[in-house]
Amino acid sequence: MASRKSSAKCKEGADKYSVLLPTYNERENLPLIVWLLVKYFGETGYNYEVIVIDDGSPDGTLEIAEQLQKIYGSDKIVSKQTSKLLSIGTAYIHGMQHATGNYIIIMDADLSHHPKFIPEFIRRQKDGNYDIVSGTRYSGDGGVYGWDLKRKVISRGANFITQILLRPSASDLTGSFRLYRKEVLQKLVEKCVSKGYVFQMEMIVRARQLGYSIGEVPISFVDRVYGESKLGGNEIVSFVKGLLTLFATT
Ligand code: GDD
Ligand code: MN
């Protein structure tokens, strides 16, 4: 086992994965997600860093991130704070600017996205030489656990309408567990106009337009135990606006 690990390390020695974790009031979740990331990356032997991008959480998430940095080392855990609560899309852009990896993994910090899927994302990317690997809840063994009917309908509805209007041929358009080549993410971010939750959908639609290849990995999304979702009615309104803008302009 030990020799397999070290051979993986040698073989993929040049690749580095930067995990972007946007946080807003995630003090209970952050220690566990970081522990799991360290565990799974440790097992695969890949070089990595975790960048926590906190938007001034009043619950003290940043202090937790700083403690984790001391525990795991500042080469592994990087914490960045934006000046004020902006939006999730802005948090990704901010985090990307500090990323030193050639691949970037974006995921939620509330344990809805389990780090155990990351080795599969990496394998899939390498097997198909994809520009993007997108976690999907709506294909294969993927699924959603713990959401109420309303939330399921909103998510399915958003995916369904977007599929019809924009035909991006990816099965999960609003999910946010993805792996990107860094330069591809940079290109996409330049093209994207939306900054809220609609950002995920715009990214994948633009990726198709620009001809980037997309692989998929089925994931199970488990609703958070600690804290609250920040997706509210305003985000749904801006999703619809963003969708119509994309429909009209692409
Ligand atoms: N820095 C920062 N700033 N982080 C934020 C912000 C923000 O304004 N808003 C949310 N986050 C962080 C949360 O702390 C969490 O780590 C992650 O972004 C996802 O936020 P949630 O509020 O937990 O989202 P959700 O569970 O309702 O929504 C999930 O499903 C959506 C629909 O499929 C996410 O995966 C979304 O990205 C996805 O679009
Ligand atoms: Mn969540």
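Model, not experiment: these values are computed from the prediction.

S.K.: It is not clear to me how the packing of helix H8 (residues 198–209) against helix H9 (residues 233–249) should be interpreted in this structure. Could you clarify?
M.R.: Axes are the key here: two packed helices are described by the angle between their axes and the distance separating the axes. Close contact between H8 and H9 brings their axes to 9 Å; oriented N to C, the two are set at 20 degrees. On the basis of their axis angle, the class for H8 and H9 is roughly parallel. Crossing handedness for the pair H8 and H9: right-handed. Across the interface between the two elements, Val198, Met201, Glu202, Val205 and Arg206 of H8 pack against Ser238, Phe239, Gly242, Leu243 and Leu246 of H9. Of the residues assigned to the contact of H8 with H9, the class counts are six nonpolar, two polar and two charged.

S.K.: Teacher, can you tell me more about the site of ligand 1 here?
M.R.: As a matter of local geometry, ligand 1 sits amid 26 residues, with Glu26, Asp55, Asp108, Ser229 and Lys230 nearest to it. Separating an oxygen atom of ligand 1 from a backbone N or O atom of Tyr24 is a distance of 3.0 Å. Contact with the protein chains hides 96% of the accessible area of ligand 1, taken as 740 Å² for the molecule alone. Elements that contribute at least two residues to the shell around ligand 1 include exactly strand E1 (16–23) and helix H4 (88–98).

S.K.: Honestly, the pairing of strand E2 (residues 47–54) in this entry has me stumped. Any pointers?
M.R.: The side chains of a regular strand alternate between the sheet's two faces. Counting buried residues along E2, seven of its eight residues qualify, which places the element largely inside the surrounding structure. In this structure, E1 lies alongside E2, joined through eight bridges in parallel fashion. What sits directly across from Leu21, in E2, is Val52. Once the chain exits E1 it traverses helix H2 (residues 30–44) before rejoining the sheet at E2, and the crossover so formed is right-handed. Where E2 and strand E3 (residues 77–81) come together, five bridges link them in parallel fashion. Following the sheet pairing, Val52 is matched in E3 by Ser79. Once you follow E2 into helix H3 (residues 61–72) and on to E3, the crossover reads as right-handed.

S.K.: Help me understand the layout of surface pockets, please; the structure alone is not making it clear to me.
M.R.: A water-sized probe rolled over the atoms picks out the places where empty space is left. Volume-wise, the largest pocket comes out at about 930 Å³. Taken together, 43 residues form the lining of the largest pocket, with Ile88, Arg151, Tyr197, Lys230 and Leu231 sitting closest to its centre. Among the secondary structure elements, those contributing two or more residues to the lining of the largest pocket are E1, H4, helix H6 (149–166), H8 and H9. Grouping the amino acids of the lining of the largest pocket by side-chain chemistry returns 22 nonpolar, 11 polar and 10 charged.

S.K.: Would you explain the confidence of the model for the protein in this entry?
M.R.: Predicted coordinates in areas of low pLDDT are best not read in detail. When pLDDT is averaged across the protein, the result is 89; 93% of the residues are at 70 or more. Scored below 50 in pLDDT, residues 1–11 shows four contacts in the model against residues more than four places distant or in partner chains.

S.K.: How should the side chain of Arg224 be read in this particular structure?
M.R.: Locating Arg224 in the fold gives a position in the loop between strand E9 (220–222) and H9. A residue is classified by how much of its surface remains accessible, and Arg224, at 13% relative accessible area, is buried. Within the local environment of Arg224, its side chain forms a polar contact with the side chain of Glu26, the two groups lying 2.8 Å apart. Setting aside residues up to four positions removed in sequence, Arg224 forms contacts with Glu26, Asn29, Asp110, Ser112, Ser229 and Lys230.

S.K.: It is not clear to me how unusual backbone geometry should be interpreted in this structure. Could you clarify?
M.R.: Phi is mostly negative for residues that are not glycine, and the peptide bonds are mostly trans. At Asn25, a position not held by glycine, the phi torsion is positive, near 55 degrees. Along the polypeptide, Asn25 turns up in the loop between E1 and H2. Notably, Asn129 is not glycine yet its phi reads approximately 50 degrees, a positive angle. Of note, Asn129 is situated in the loop between helix H5 (118–128) and strand E5 (132–136).

S.K.: So what exactly am I meant to see when it comes to the side chain of Arg206 here?
M.R.: Relative to the helices and strands, Arg206 resides in helix H8. By relative accessible area, which is 13% here, Arg206 ends up buried. Separated by 2.8 Å, the side chains of Arg206 and Glu202 make a polar contact. If we ignore the near neighbours within four places in the chain, the residues touching Arg206 are Leu188, Lys191, Cys192, Val193, Leu246 and Thr250.

What counts and how
- Residues numbered from 1 in each chain as written.
- Chains lettered and ligands numbered in written order.
- Predicted model: local features only at pLDDT ≥ 70, side-chain atom pairs only at ≥ 80, totals over all residues.
- Heavy atoms only, no water.
- Axes fitted to C-alpha atoms, helices over the stretch in contact; angles between N-to-C directions.
- Helix = DSSP H or I, 4+ residues; strand = E, 2+ residues; numbered from the N terminus.
- Parallel < 35°, antiparallel > 145°, perpendicular 65-115°, else oblique.
- Left-handed = near helix turned anticlockwise from the far one by under 90°.
- Contact = heavy atoms within 4.5 Å.
- Nonpolar A, V, L, I, M, F, W, Y, C, P; charged D, E, K, R; others polar.
- Near = heavy atom within 4 Å.
- Polar contact = N/O pair within 3.5 Å; in protein donor to acceptor, adjacent residues only side chain to side chain.
- Areas by Shrake-Rupley, 256 points an atom, 1.4 Å probe, with all protein chains shown as cover.
- Buried < 20%, exposed > 50% of the residue type's maximum accessible area, 1.4 Å probe, protein only.
- Pairing = 2+ DSSP bridges.
- Right-handed = clockwise from strand over helix to strand, strands pointing away.
- 1 Å grid on protein atoms, 1.4 Å probe; cavity = no way out; pocket = protein on both sides within 12 Å on 5 of 7 lines; lining within 4 Å.
- Points joined across faces, edges and corners; volume = space filled by probe spheres on them.
- pLDDT = per-residue confidence, 0-100.

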